[in-house]
Amino acid sequence: MRLNRSNLCWLVLALITVSYLVFWALLLVATATYSTPDSWLQVLRSPEIRHATFLSLVTCSLAAGFALLLAVPVGYLMTRLEFRGKSWLDAALDIPIILPPLVVGLCLLIFFQTKVGKVIELAIPFTYQVSGVVLAQFVVAAAFAIRTMRGTFQHLSARPEDVALTLGCTRFQALWHVALPAARRGMVAAFCIAWARSLGEFGPILVFAGATRMKTEVLPTTVWLELSVGNLEAAVAVSLFMVLLAVLVLVAVRATGEKV
Amino acid sequence: MIQLDHITWNVSGRTILEGVTVAIPANTYAVLMGSTGCGKTTLLEILCGLRQPTSGRVSLDGVDVTDLEPRERGIGYVPQDLALFPGLRVREQIGFAPKLRGMAPEELNQRVNRLSEQFGIAHLLDRLPDMLSGGEKQRVALARALAARPKLLLLDEPLSALDESMRAEAVSLLQRVQQEHSLTVLHVTHSSSEAAALGTLHLRMVAGRLEVESKG
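Residues numbered from 1 in each chain as written. Chains lettered and ligands numbered in written order. Predicted model: local features only at pLDDT ≥ 70, side-chain atom pairs only at ≥ 80, totals over all residues. Heavy atoms only, no water.

## Remarks on the overall build of chain A
Each helix and strand counted, chain A has 14 helices and zero strands in total. Listing every helix and strand of chain A by position from the N terminus yields α-α-α-α-α-α-α-α-α-α-α-α-α-α. In terms of overall dimensions, chain A has a C-alpha envelope of 75 × 65 × 30 Å along the principal axes. Looking at chain A residue by residue over its 260 residues, the buried ones come to 42%. A separation threshold of at least 6 residues defines the contact pool for chain A, and within that pool the share at least 24 residues apart is 73%. Total accessible area on chain A is roughly 14400 Å²; 72% of this is exposed by carbon and sulfur atoms. On chain A, the mean spot of the 20 positive side-chain charges and the mean spot of the 13 negative ones are 8 Å from each other. (Helix = DSSP H or I, 4+ residues; strand = E, 2+ residues; numbered from the N terminus. Buried < 20%, exposed > 50% of the residue type's maximum accessible area, 1.4 Å probe, protein only. Contact = heavy atoms within 4.5 Å. Areas by Shrake-Rupley, 256 points an atom, 1.4 Å probe, with all protein chains shown as cover. Lys, Arg positive; Asp, Glu negative; His and termini not counted. Charge placed at Lys NZ, Arg CZ, Asp CG, Glu CD.)

Next comes the structure, spelled out in structure tokens:
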């Protein structure tokens, strides 16, 4: 192939892309080769890590489920209804994405010290509890789930729903019978993205739910706790386990045809 | 009978429809022509209640339906893209409206079978929309609209996706359907030949106003 200017341009762009991927591969390889598979397994078998793993899987699933329940109606509203102030509301929904994670945790902590927060805690205690872990994961994950569902509904034509209205549906029935079945791939993607986001959540959990071993410790907290006592091997083992889970989620999202 | 009384539609300070007034008698096959973007689809959407007019009234058989929801108007609507429901089989598409109204399964099956035979799509009942040709989709969309037993059928360029040979067949199908179901039809088209073959009342939209061209 002759190296003309156009080809040279593609070659440079490809080199930039490959360099970035190689950098990431080197990071992962360096982490993976820091210790042996035997020591990974030994670490992952310890009661504390098994508890943290179990708690992570449960809280991430709950947070992602709640995020999806919120994301579907909000995403549908933001896509199908035109109203004054929509662009402001649209921007407000992205606030949890741009806020520093520690600030989210601090906001939660302060809120539950107010009168309203204390009344809520009489019914469901959140601060420094497992339910607090779920809430901290949910507040950030929901913003990502809403983004995904908004994109899903934007790609779906509103026409079938219009036709459903003329065939006898109420707006709720059109959403339930027509829009939701058509959006099921997007719903799976939104759940997976919210789940993955919850799995990596650390700052808000640390501030709002704490890092108590065998109580509110989730996998990112484990990495931090192990690092703080100089146990790098355990931190590496847990990190690699989280990388594996993240890759599985990425594969699941790609299988739905959606993009993260 | 459709009665449109001074229908106006403004959007972003622009007038799309201006004082549209027309009466279409019952059992008439009306065809509506006009240039692209002149407001034909908007008029259909106002008729079936998907949009509220800025001003003016819509009456069907002497009843003012302007403030009624689409589901309360008894209008069948076939949009240009046909808008079949993704993920629903042909059987479910046709049975959608009767099932929604709580029709018994046996009666529902009978209605779906009768309509599918009438439209020559009985062999397609278990297919999904992705597995249908343009002509098949058009028949399914028509059968789905008629399963709700509407008094009025609105068709927005329903034949635009069909090739020349299928179009002639579709024209005769529409004539047959209108007569057999005693429907009032308002059919939007760009094709003069389609309009000549089907229309008993010819309407034209010019600069947001509706003109009656001829009565067949």
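That was the structure; now back to the text.
## Here's the deal with the domain arrangement of chain A
Examined at the domain level, chain A breaks down into domain 1 (1-33) and domain 2 (37-255). The distance between the C-alpha centroids of domain 1 of chain A and domain 2 of chain A comes to 33 Å. (Domains from an automatic or database assignment.)

## A word on the state of the cysteines
The tally for this structure, following the rule as stated, stands at zero disulfides over all chains. There is no disulfide at A:Cys60, and the cysteine sulfur nearest it, in A:Cys192, is 12 Å away. Judged by relative accessible area, A:Cys60 falls into the buried class, the value being 0%. B:Cys48 provides the cysteine sulfur closest to A:Cys169, a residue in no disulfide bond, and the two sulfurs are 14 Å apart. Residue class for A:Cys169 comes out buried when judged on its relative accessible area of 1%. (Disulfide = S-S within 2.5 Å.)

## Quick word on the pairing of strand β1 (residues 2-11) of chain B
The side chains of a regular strand alternate, first on one face of the sheet and then on the other. All names here are of chain B. Judged from the seven bridges that link them, β1 and strand β2 (residues 14-24) form a sheet pairing that is antiparallel. Across the sheet, residue Ile2 finds its bridge partner in β2, namely Ile24. Linkage of β1 to β2, two consecutive antiparallel strands, is achieved through a turn of two residues, within which Ser12 is found at a positive phi near 50°. By the bridge criterion, five bridges tie β1 to strand β4 (residues 55-60) in an arrangement that is antiparallel. The partner of Thr8 across the bridge, within β4, is Ser55. (Pairing = 2+ DSSP bridges.)

## Section: helix α13 (residues 219-228) of chain A
All names here are of chain A. Along α13, seven of the 10 residues are buried, which leaves the element largely enclosed by surrounding structure. Those residues of α13 lying buried are Leu219, Pro220, Thr221, Thr222, Val223, Leu225 and Glu226. Contact partners of the buried residues in α13: α3 (47-80), α11 (184-200), α12 (203-208) and α14 (232-255). Just beyond α13, the residue with positive phi is Gly230, at close to 80°.

## Description of the pattern of salt bridges
Tallied over the full model, the rule gives 20 salt bridges over all chains. Between A:Arg147 and A:Asp94 there is a salt bridge, with its nearest N and O atoms 3.5 Å apart. A residue pair is termed long-range when its members are at least 10 positions apart, and A:Arg147 in helix α8 (residues 130-155) and A:Asp94 in the loop between α4 (86-93) and α5 (95-98) qualify at 53 residues. Overall, the relative accessible area of 43% leaves A:Arg147 in the partly exposed class. Residue A:Asp94 is classed as buried on the basis of its relative accessible area of 18%. Close ionic contact of B:Glu180 with B:Arg176 constitutes a salt bridge, the shortest N to O distance being 4.0 Å. Highlighted residues: B:Glu180 and B:Arg176, both in helix α6 (residues 164-180), separated by four residues, approximately one helical turn. A relative accessible area of 47% places B:Glu180 in the partly exposed class. Through salt bridges that share partners, A:Arg159, A:Asp162, B:Glu45 and B:Arg51 make up one connected network. (Salt bridge = Lys/Arg side-chain N within 4 Å of Asp/Glu carboxyl O.)

## Brief notes about the sheet that holds β2(B)
Residue and element names in this part refer to chain B. The strand order across the open sheet built from four strands is β2-β1-β4-β5, with neighbouring strands paired in antiparallel fashion. The sheet is open, and its two edges are formed by β2 and β5 (63-64), each paired on a single side. Examined bridge by bridge, β4 and β5 share two bridges and lie antiparallel to one another. The residue bridging Ser59 from the neighbouring strand is Asp64, located in β5. On the sheet, helix α1 (residues 40-47) packs against β1, β2 and β4 and is oriented at approximately 120° with respect to β1. (Axes fitted to C-alpha atoms, helices over the stretch in contact; angles between N-to-C directions.)

## Some points on the packing of helix α5 (residues 134-146) of chain B against α6(B)
All names here are of chain B. The N-to-C vectors of α5 and α6 enclose an angle of 10°; their axes lie 11 Å apart at closest approach. By the criterion of interaxial angle, the relationship of α5 to α6 is roughly parallel. Of α6, the residues touching α5 (which contributes Gly135, Gln138, Arg139, Leu142 and Leu146) are Met166, Glu169, Ala170, Leu173, Leu174 and Val177. When grouped by side-chain class, the residues that make up the contact of α5 with α6 number seven nonpolar, two polar and two charged. (Parallel < 35°, antiparallel > 145°, perpendicular 65-115°, else oblique. Nonpolar A, V, L, I, M, F, W, Y, C, P; charged D, E, K, R; others polar.)

## Re the interface of chain B and chain A
Accessible area lost upon the coming together of the parts is a frequently used measure of interface size. At the interface, 21 residues of chain B touch 16 residues of chain A. Joining chain B to chain A, the criterion identifies one salt bridge. We note a salt bridge from B:Glu45 to A:Arg159, for which the minimum N-O separation is 2.6 Å. Where chain B meets chain A, there are three residue pairs in polar contact (both at pLDDT 80 or more). When contributions to the side of chain B that touches chain A are tallied by element, the ones reaching two or more residues are α1, β6 (75-78), α3 (96-100) and α5 of chain B. Here the side of chain B that touches chain A gets three residues from one element, more than from any other, and that element is α3(B). (Polar contact = N/O pair within 3.5 Å; in protein donor to acceptor, adjacent residues only side chain to side chain.)

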